[in-house]
There are 2 protein chains.
Amino acid sequence: MSFPVPARPYDFSLDPASVALVVIDMQRDFIERGGFGDTLGNDVSRLTAIVPTVAALIALFRRQRLPVVHTREAHKPDLSDCPPAKRLRGRPGLRIGDEGAMGRILIAGEPGNQIVADLAPVAGEIVIDKPGKGMFWATGLHETLTAKGVTQLVFAGVTTEVCVQTSMREANDRGYECLLIEDATESYFPEFKAGAIEMIVAQGGIVGWATPLSMLEAAFEAAMAHG
Amino acid sequence: MSFPVPARPYDFSLDPASVALVVIDMQRDFIERGGFGDTLGNDVSRLTAIVPTVAALIALFRRQRLPVVHTREAHKPDLSDCPPAKRLRGRPGLRIGDEGAMGRILIAGEPGNQIVADLAPVAGEIVIDKPGKGMFWATGLHETLTAKGVTQLVFAGVTTEVCVQTSMREANDRGYECLLIEDATESYFPEFKAGAIEMIVAQGGIVGWATPLSMLEAAFEAAMAHG
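Residues numbered from 1 in each chain as written. Chains lettered and ligands numbered in written order. Predicted model: local features only at pLDDT ≥ 70, side-chain atom pairs only at ≥ 80, totals over all residues. Heavy atoms only, no water.

A. View of the sheet that holds strand β8 (residues 152-158) of chain B. Residues and elements named next belong to chain B. Pairing in this open sheet of six strands is parallel, and the strands run β7-β4-β3-β8-β9-β10 from one edge to the other. Of all the strands in the sheet, the pair left with one neighbour each is β7 (126-130) and β10 (209-211). Sheet twist, expressed as the average angle between the axes of neighbouring strands with direction ignored, equals 25°. Along the sheet, helix α8 (residues 190-205) makes contact with β9 (177-186) and β10, crossing β9 at roughly 165°. Across the sheet, helix α9 (residues 213-226) touches β8, β9 and β10, and the angle it forms with β9 is around 125°. (Pairing = 2+ DSSP bridges. Helix = DSSP H or I, 4+ residues; strand = E, 2+ residues; numbered from the N terminus. Axes fitted to C-alpha atoms, helices over the stretch in contact; angles between N-to-C directions. Contact = heavy atoms within 4.5 Å.)

B. Summary view of the relation of the copies chain A and chain B. It takes a turn of 180° to lay chain A on chain B, together with a shift of 0.0 Å along the axis; the resulting RMSD is 0.0 Å. These values place the two chain copies in the arrangement generated by a two-fold rotation axis. Most of the interface of chain A is mirrored in chain B, where 100% of its interface residues are also at the interface. (Least-squares fit on C-alpha atoms with pLDDT ≥ 70 in both.)

C. Representation of the interface of chain A and chain B within the structure. Listed by partner, the interface residues are 37 residues for chain A and 37 residues for chain B. For the pairing of chain A and chain B, the buried interface totals around 3,000 Å² over both sides, and the portion due to carbon and sulfur atoms is 59%. Applying the counting rule to chain A against chain B returns 15 residue pairs in polar contact (both at pLDDT 80 or more). When contributions to the side of chain A that touches chain B are tallied by element, the ones reaching two or more residues are α7 (160-173) and α8 (190-205) of chain A. Of all the elements, α8 of chain A adds the most residues to the side of chain A that touches chain B, at nine residues. Considered class by class, the residues forming the side of chain A that touches chain B number 15 nonpolar, 13 polar and nine charged. (Buried area = accessible area lost by both parts, 1.4 Å probe. Polar contact = N/O pair within 3.5 Å; in protein donor to acceptor, adjacent residues only side chain to side chain. Nonpolar A, V, L, I, M, F, W, Y, C, P; charged D, E, K, R; others polar.)

D. Quick look at the packing of aromatic side chains. Here the structure, examined in full by the defined rule, presents 14 aromatic pairs over all chains. Centroid distance Tyr 188 of chain A to Phe 189 of chain A: 6.5 Å. Interplanar angle 85°. Geometry classified as edge-to-face. Here the aromatic rings of Phe 189 of chain B and Phe 192 of chain B are separated by 5.4 Å at their centres, their planes lie at 65°, and the arrangement is edge-to-face. Note on Phe 189 of chain B: relative accessible area 24%, which makes it partly exposed. (Phe/Tyr/Trp six-rings, centres within 6.5 Å; stacked < 30°, edge-to-face > 60°. Buried < 20%, exposed > 50% of the residue type's maximum accessible area, 1.4 Å probe, protein only.)

E. Highlighting unusual backbone geometry. For the bond running from Arg 8 of chain A to Pro 9 of chain A, omega is 0°, close enough to zero to count as cis. As for its position among the elements, Pro 9 of chain A is in the loop between β1 (3-5) and β2 (12-14). Positioned with a positive phi, Gln 203 of chain A is a non-glycine residue whose angle comes to about 50°. Locating Gln 203 of chain A in the fold gives a position in helix α8. Classification of Gln 203 of chain A by relative accessible area gives partly exposed; the value is 34%. With a phi angle near 55°, Leu 106 of chain B is a residue other than glycine that sits in the positive phi range.

F. A look at the sheet that holds strand β3 (residues 19-24) of chain A. Residues and elements named next belong to chain A. Reading across the sheet, the six strands line up as β7-β4-β3-β8-β9-β10 and stay open at both edges, with parallel pairing between neighbours. Of all strands in the sheet, those with a lone pairing partner are β7 (126-130) and β10 (209-211), marking the two edges. The mean inter-strand angle of the sheet, taken between neighbouring strand axes irrespective of direction, is 25°. Where strand β8 (residues 152-158) meets strand β9 (residues 177-186), six bridges bridge the pair, whose relative direction is parallel. Within β9, the residue paired with Gly 157 across the bridge is Thr 185.

G. Broad picture of the confidence of the model for chain A. Residue and element names in this part refer to chain A. For chain A, the average pLDDT comes to 97, and 100% of its residues sit at 70 or higher. By mean pLDDT, the top-scoring element of chain A is β8 (99), and the lowest-scoring one is helix α2 (residues 36-39) (94). Of the two predicted TM-score estimates for the complex, the pTM is 0.98 and the ipTM is 0.97. (pLDDT = per-residue confidence, 0-100.)

H. The arrangement of the packing of α7 of chain A against α8 of chain A in detail. Residues and elements named next belong to chain A. Two elements in contact, α7 and α8, have axes whose closest approach is 10 Å; the angle formed by their N-to-C orientations is 15°. Taken together, the axes of α7 and α8 are roughly parallel relative to one another. Crossing hand, α7 versus α8: right-handed. Every residue of α8 that contacts α7 at Thr 160, Glu 161, Gln 165, Met 168 and Arg 169 is listed here: Phe 192, Lys 193, Ala 196, Ile 197, Met 199 and Ile 200. (Parallel < 35°, antiparallel > 145°, perpendicular 65-115°, else oblique. Left-handed = near helix turned anticlockwise from the far one by under 90°.)

I. Fine view of the state of the cysteines. All names here are of chain B. This structure, assessed with the given rule, holds zero disulfides over all chains. Unpaired in terms of disulfides, Cys 82 finds its nearest cysteine sulfur in Cys 163, a separation of 13 Å. Among the residues examined, Cys 82 registers a relative accessible area of 9% and is labelled buried. (Disulfide = S-S within 2.5 Å.)

J. How the structure looks around the environment of Phe 36 of chain A. Residues and elements named next belong to chain A. Relative to the helices and strands, Phe 36 is located in helix α2. Residue Phe 36 is classed as buried on the basis of its relative accessible area of 13%. Non-local contacts of Phe 36, meaning those with residues more than four positions away in its chain, are made with Asp 29, Phe 30, Leu 94, Ile 105 and Leu 106.

Here is the structure:
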């Protein structure tokens, strides 16, 4: 049974039989002090600050026994899935595959590439290593979600205007209804977070919907009370 | 031989042997008075205003005998490629497939779905009908470009933060180097155009590069003079 979640630009009709949570790139190299993002000069404290909210969102989906997907931006150790154009855009000495403070930068299996401990995936959850900013390119995720009957995606993670926005736009084109949890996503640049959210909900929700976690939690509670 | 094009965040190294121009969705329904975009209450004069600049950009690529790709947001008449989530998001009476002032809205072959006369494709150019905002989803374009040896894309068209940004993000994930011509793209919302461009060039060109047409024209001229 679907139930309404107050959201912008209008109520999101959430169907528990069709929904999954997607947590984008909450990996140590982007979130923790001493990681890749920090080394590049970004203020990672903005991102660290959302970890408890993302943890509460994941806990909500686990309580409801609903699917959870975690993504990591990760390349193969031999870089065979890293386009030269991507690697060369990096700062010399801090390119993908170079040795960083938490192991090789953006390489699968390295310490910095792991999801932060407080948000670690549990057995049965889907973990996707993606070579792009978007979660569908070269991952097979669309086929996985389709096979599970998932048609709605709730989004959290980092960064809002890069990997989250790109993944939402891909998902929207593929016919998923997308709801972004505004306080469970963050950017190194607050104006980009705000701008990306406005672009998503504009024109009648041209990319999707947005709401804070409290609204989603209250809507689930109300649905269970009346269900 | 590659040559530099002054751009943000730094010079774009353009290789005429590997580049193509992509003109996104310059279709009558988005650009002309009386079309779908206008009916929705958007100020289409902002978009109409860039037509001469886009025409000059196309003329430049034609003079250089370089590939030109045109896209249209277009669905099949039976709507089999239109996700229900996309159609239902439209305003009742103005949904995809409904009868509009220029024929059925966003349906291939209808008058409103044609590219504006001043930018009409010529023989030998690639024309892509895309069901999404991004130009790669369900179009086969990546395979077409790869077969032609294209690895760099110069972008123009509308709207900046929706179909142009989405297509650039898809292209970037696929390893293309992307250069947006700032005065050959436009949005119904000037703050979204500006914000999308900033997001593209941020973090060392995380999505790509941006420059005005005059810079690209001057760079081509200089390259030919010295070539």
